[in-house]
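Notes for the structure review
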Amino acid sequence: AAVVHQAARDRGFPLCFAAMFAPVCRYMAATESFVQNGHYTALPLQGMIWFFRQYVPNPTPEIVTDPRCSPVYGVGKGNLSPCVVATFEYDILRDEGVEFGEALREAGVAVTQYRMKGSHLGGFLDRPKVEALLNEWERAIGTSSKL
């Protein structure tokens, strides 16, 4: 979603709103949550490494800093539509999502960050938490339509 958000902007077709659910924003980010939460079965550390290797089998500094691989590096161009970035408290990608939301805000993007407390990536199966997330997205979409 983060790459599509930027690609749409770069091609002159900006989105009116973007919702990102546990986004991967930096190739092999060595964040605290990457280490802390890598043992959860929803998305374990070894699984995340496997995904990275499938996506970028021969990483070079040029490839891993390209915004199409690590979208946090494309935020600085600004001019992105408002968005919600949702993360999970016990998710391996939590800190990446937070970092991405902060980068968006610094670039002048209207962003709402929502953390599903007490959940890991499988938390989307927890109906009350999903309803809270959807309500947050609805509020953010309503706010963005007034911008």
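Look up: the structure comes first, before these words.
Structure report, in brief. (Residues numbered from 1 in each chain as written. Predicted model: local features only at pLDDT ≥ 70, side-chain atom pairs only at ≥ 80, totals over all residues. Heavy atoms only, no water.)

1. Things to note about the overall build of the chain
We apply this condition: Here a helix means four or more residues in a row that DSSP labels H or I, a strand means two or more in a row labelled E, and each is numbered from the N terminus. Partly exposed describes any residue whose relative accessible area lies between the buried limit of under 20% and the exposed limit of over 50%, with all areas from a 1.4 Å probe on protein chains only and scaled to the type maximum. Should any heavy atoms of two residues lie within 4.5 Å, those residues are considered in contact.
Check the secondary structure of the chain and you find six helices and three strands. Walking the chain from its N terminus toward its C terminus, one meets helices and strands in the order α-β-α-α-α-β-α-β-α. Burial status across the chain gives 44% buried among its 147 residues. Partitioning the intrachain contacts of the chain with sequence separation of at least 6 by distance along the chain shows that 75% fall at a separation of at least 24.

2. Focus: helix α5 (residues 94-106)
Condition: Expected span of a helix: the number of residues minus one, times 1.5 Å.
Compared with an ideal rise of 1.5 Å per residue, which puts 13 residues at 18 Å, α5 spans 19 Å between its outermost C-alpha atoms and is within 8% of the ideal. By the burial criterion, the buried members of α5 are Arg94, Asp95, Glu96, Gly97, Phe100, Gly101, Ala103 and Leu104. Structurally, α5 contributes buried residues whose contacts are with α1 (2-10), β1 (18-21), α2 (32-36), β2 (83-88) and β3 (111-116). Within two residues after α5, Gly108 carries a phi angle of roughly 90 degrees, on the positive side.

3. Concerning the sheet that holds β2
Whenever strands of a sheet pair, they do so through backbone hydrogen bonds, lying parallel or antiparallel. Condition: One requirement defines pairing of two strands: DSSP has to find at least two bridges between them. Note on geometry: axes are C-alpha line fits, over the in-contact stretch for helices, and angles between N-to-C directions span 0 to 180 degrees.
On the basis of which strands lie adjacent, the open sheet formed by three strands has the order β1-β2-β3 and parallel pairing. Strands at the two margins of the open sheet, each flanked by one partner only, are β1 and β3. Direction aside, neighbouring strands of the sheet carry axes that sit 15 degrees apart on average. In the packing of α5 onto the sheet, contacts are made with β1, β2 and β3, and the angle to β3 comes to roughly 165 degrees.

4. Details of the pattern of salt bridges
A side chain with one charge can pair with a side chain of the opposite charge if their charged atoms come near. Formally: Any Lys or Arg side-chain nitrogen found within 4 Å of a carboxyl oxygen on Asp or Glu counts as a salt bridge.
Summed over all chains, the structure comprises five salt bridges. In this structure, Arg9 engages Asp10 in a salt bridge whose closest nitrogen and oxygen atoms are separated by 2.7 Å. A residue is classified by how much of its surface remains accessible, and Arg9, at 10% relative accessible area, is buried. With a shortest N-O distance of 2.6 Å, Asp66 and Arg68 are connected by a salt bridge. Residues joined in a network through salt bridges with shared partners are Arg9, Asp10 and Lys77.

5. Observations concerning the layout of surface pockets
Condition: The distinction between a cavity and a pocket rests on a 1 Å grid over the protein atoms alone: a 1.4 Å probe fits inside a cavity but cannot get out, while a pocket stays open yet meets protein on both sides within 12 Å along at least five of seven lines, and a residue with an atom within 4 Å of a point counts as lining. Grid points are joined across faces, edges and corners, and a volume is the space filled by probe spheres set on the points.
Considered as a void within the structure, the largest pocket measures approximately 260 Å³ in volume. Lining the largest pocket are 15 residues, and of these Val3, Val24, Tyr55, Cys69 and Pro71 lie nearest its centre. Those elements that place two or more of their residues in the lining of the largest pocket are α1, β1 and α3 (45-55). The element best represented in the lining of the largest pocket is α3, accounting for four residues.

6. Notes on the environment of Ala2
Within the fold, Ala2 resides in helix α1. Overall, Ala2 belongs to the buried group, its relative accessible area being 5%. C-alpha separation for the pair Ala2 and Cys83, spaced 81 residues apart in sequence, amounts to 9.9 Å. Setting aside residues up to four positions removed in sequence, Ala2 forms contacts with Met20, Pro71 and Phe100.

7. Regarding the side chain of Ser33
For Ser33, the location among the structural elements is in helix α2. Judged by its relative accessible area of 0%, Ser33 falls in the buried class. With sequence-adjacent residues up to four places away left out, Ser33 is seen in contact with Gly38, Asp91, Ile92, Leu93, Arg94 and Asp95.

The values are spatial; any link to function lies outside them.
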